[in-house]
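# Coordinates in review
Spelled out from the first residue to the last, the chains are:
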Amino acid sequence: MIISDYALEIKQSGFSVYEQDVDEHGLLKSVRFGKDAMIASDLGTNETRTEGVGVLVGNDSSLKLNDSDTVTLEMGAAHKNQKYRAALLTTSDGIVTYDADNDAPTIWTDDRGTLTFSNKEIAGQDYTSVQGFANPQVSGYLAVWVPVGADDNQDARTAASTDANTDGKVLHSNAALDSNLIYEGFSNFQPKATTNDELTNVVIAKNANLFEKWGITSFEMAPQYRSSGDHTFLDSTIDNGYAFTDRYDLGFETPTKYGTDKDLRTAIKALHQSNMQVMADVVDNQVYNLSGQEVVSASRAGVYGKDVSTGFGTRLYAVNSVGGGKYQAQYGGEYLNELKQQYPDLFEAKTYDYWVKNYSNDGSDPYYTLSQNTRKDMPSSEVIKQWSAKYMNGTNVLGNGMGYVLKDWNTGEYFKIGEKNADFITN
């Protein structure tokens, strides 16, 4: 199927107001009621009745329901006593797709518009029981159910308003927002291309019309940076666009995993011509494997963002935090003036609220707390041609070990090596 071959994943989808919930079995239940049905109790119109979509997604490959367990999709009042059929189901061999009503497994909603599933096949129809699977396409469970009789060419989207908003919000929760279908062209563990035609951005450009036909409104490109390729980290081994050294190298001279800079431009143009918005996956915090070293004070953060008690404290440490590459030196800061003219608020101090995800010490039971902070003015005249520790808050683990920077443990002073009459760094 195309999702597997092209290494593309659905990021977010919808064509009307919807509900999402995770049930007691760990299954995410996502329901789209259809146009003109804003809540589950809305009856909608005749058109609404052909547009409801129900999705079950889980990532537990060992999921096994008890005989008394049920899984439900509440399709809403607009879809009561209606016949549904499978569009996608999971099997032990992977995903099976049903392109038409004929031969697709079917199920009826009850008088409240609810579809009910269990660990048993529905009326003996293959693949209709809910259970976990582990295969190259699915680790867990995936099922999609749609109304029988829906027109293949129907367009259930709601057009966005052209009226200007003055409330300061970028997004507004409504049917138009839920009509957006965002698709990401991402390549993580898929094999690397062996020919030019297999490069991700080349494939995207060739299939732009197909993506438009699917109803995609926004296409998110994978992070286009060239991974450092040093193989000391997962992302710099699979070259997925993270863990990069040169923020501006988007495939110049030789292709990245996704293609050359020319392939990227071609893909963007093709998507625009097919009436799709193109979104960039901007990675701000993964500059990695820089060549130059500095001595800095260091602490160690764990996988959940908490400080790890290692004894680092404020002890000095040698880190690779200087550099950035050929294209950082060429393009760094080149567009600051233009950015300031078009988006002056980006450079101004601002107080904002944000949610912080917290974990217990063992990483379990995540919870959110609301915090507030003030961002300082960003200098628009400071051009960054290469990175250094003053711009960055982290580095990859270098394996040097604490105490790598020599210190007189009797006095607590650090040695300064190679300079006469200056044996110690002034504290």
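### Digging into the overall build of the protein chain
Scanning the protein chain from terminus to terminus reveals nine helices and 20 strands. The proportion of buried residues among the 427 residues of the protein chain is 40%. Residue pairs at least 24 apart in sequence account for 64% of intrachain contacts in the protein chain once pairs closer than 6 positions are excluded.

### A look at the nonpolar core
Judged by nonpolar contacts, the single largest core of 24 residues is most densely connected at Leu 73, Leu 115, Phe 117, Val 130, Tyr 141 and Trp 145. For Leu 115, the contacting residues outside a window of four places in its chain are Val 71, Thr 72, Leu 73, Met 75, Tyr 84, Ile 107, Trp 108, Thr 109 and Trp 145. If you look at the next biggest cluster of nonpolar residues, it comprises 14 residues, including Ala 208, Phe 219, Leu 264 and Leu 271.

### Some details on the side chain of Thr 217
Residue position: Thr 217 is located in the loop between α5 (208–213) and β13 (218–221). At 3.1 Å, the side chain of Thr 217 and the side chain of Asn 180 are in polar contact. When residues no more than four places from it in sequence are discounted, the contact partners of Thr 217 are Arg 157, Ser 179, Asn 180, Leu 181, Asn 275, Met 276 and Gln 277.

### Considerations on the pattern of salt bridges
When the charged atoms of two side chains with opposite charge come close together, those side chains can pair. Scanning all chains against the criterion turns up twelve salt bridges. Lys 29 is paired through a salt bridge with Glu 74; the nearest N and O atoms lie 3.3 Å apart. One end of the pair, Lys 29, is in strand β3 (residues 28–32); the other, Glu 74, is in strand β5 (residues 71–74), with 45 residues separating them in the sequence. You can call Lys 29 buried: its relative accessible area is 10%.

### Quick look at the pairing of strand β6 (residues 83–91)
With respect to burial, β6 is a largely interior element, eight of its nine residues being buried. The sheet contact formed by β6 and strand β8 (residues 106–108) spans three bridges and is antiparallel. Across the sheet, Tyr 84 pairs through a bridge with Ile 107, a residue of β8. One ladder, built from four bridges, connects β6 with strand β7 (residues 94–97); its direction is antiparallel. Bridge assignment links Thr 91 to a residue of β7, and that residue is Gly 94. Connecting β6 to the antiparallel partner β7 that follows it, the hairpin turn spans two residues.

### Some points on the side chain of Ser 380
In this fold, Ser 380 is placed in the loop between β18 (367–375) and β19 (407–408). Of the polar contacts made by the side chain of Ser 380, one reaches the side chain of Lys 340; its length is 3.0 Å. Leave out the neighbours within four places in its chain, and Ser 380 touches Leu 336, Lys 340 and Phe 347.

### Thoughts on the environment of Trp 355
As for its position among the elements, Trp 355 is in strand β17 (residues 350–358). The exposure class assigned to Trp 355 is exposed, which follows from its relative accessible area of 59%. Separated by 17 residues in the primary sequence, Trp 355 and Gln 372 place their C-alpha atoms 8.6 Å from one another. Non-local contacts of Trp 355, meaning those with residues more than four positions away in its chain, are made with Tyr 368, Thr 369 and Leu 370.

### Digging into the packing of aromatic side chains
Within this structure, the stated rule accounts for 14 aromatic pairs. Geometrically, the ring pair formed by Phe 252 and Tyr 331 is stacked, given 6.1 Å between the ring centres and 25° between the ring planes. Linking Phe 252 in the loop between α6 (235–238) and α7 (261–273) with Tyr 331 in helix α8 (residues 326–331), this pair joins segments that are 79 residues apart in sequence. Residue classification places Phe 252 among the buried residues on the basis of a relative accessible area of 16%.

### Here we look at unusual backbone geometry
If you check the backbone angles, Asp 103 has positive phi at about 70° while not being a glycine. Even without being glycine, Tyr 127 reaches a positive phi, approximately 70°. With respect to the helices, strands and loops of the structure, Tyr 127 is situated in the loop between β9 (114–117) and β10 (133–134).

### What to know about the confidence of the model for the protein chain
Note that predicted coordinates carrying low pLDDT should not be read in detail. Mean pLDDT for the protein chain: 84, with 84% of residues reaching 70 or above. pLDDT under 50 marks residues 1–17. Its contacts with residues more than four places away, or in other chains, come to 62 contacts.

### Observations regarding α7
Its 13 residues place the ends of α7 18 Å apart at the C-alpha level, agreeing with the 18 Å of an ideal helix rising 1.5 Å per residue. Every buried residue of α7 is listed here: Asp 261, Asp 263, Leu 264, Ala 267, Ala 270 and Leu 271. Contact partners of the buried residues in α7: α4 (200–206), α5, β13 and β14 (277–279). Phi for Asn 275, located one or two positions after α7, is positive at around 70°.

### Re the environment of Tyr 368
One can find Tyr 368 in strand β18. Sequence-wise, Tyr 368 and Val 356 are twelve residues apart; in three dimensions their C-alpha atoms are separated by 5.4 Å. Ignoring anything within four residues of it in the chain, the contact list for Tyr 368 reads Trp 355, Val 356, Lys 357 and Asn 358.

Conventions adopted
- Residues numbered from 1 in each chain as written.
- Predicted model: local features only at pLDDT ≥ 70, side-chain atom pairs only at ≥ 80, totals over all residues.
- Heavy atoms only, no water.
- Helix = DSSP H or I, 4+ residues; strand = E, 2+ residues; numbered from the N terminus.
- Buried < 20%, exposed > 50% of the residue type's maximum accessible area, 1.4 Å probe, protein only.
- Contact = heavy atoms within 4.5 Å.
- Core = buried A, V, L, I, M, F, W, Y, C linked by side-chain atoms within 4.5 Å.
- Polar contact = N/O pair within 3.5 Å; in protein donor to acceptor, adjacent residues only side chain to side chain.
- Salt bridge = Lys/Arg side-chain N within 4 Å of Asp/Glu carboxyl O.
- Pairing = 2+ DSSP bridges.
- Phe/Tyr/Trp six-rings, centres within 6.5 Å; stacked < 30°, edge-to-face > 60°.
- pLDDT = per-residue confidence, 0-100.
- Expected span 1.5 Å × (residues − 1).

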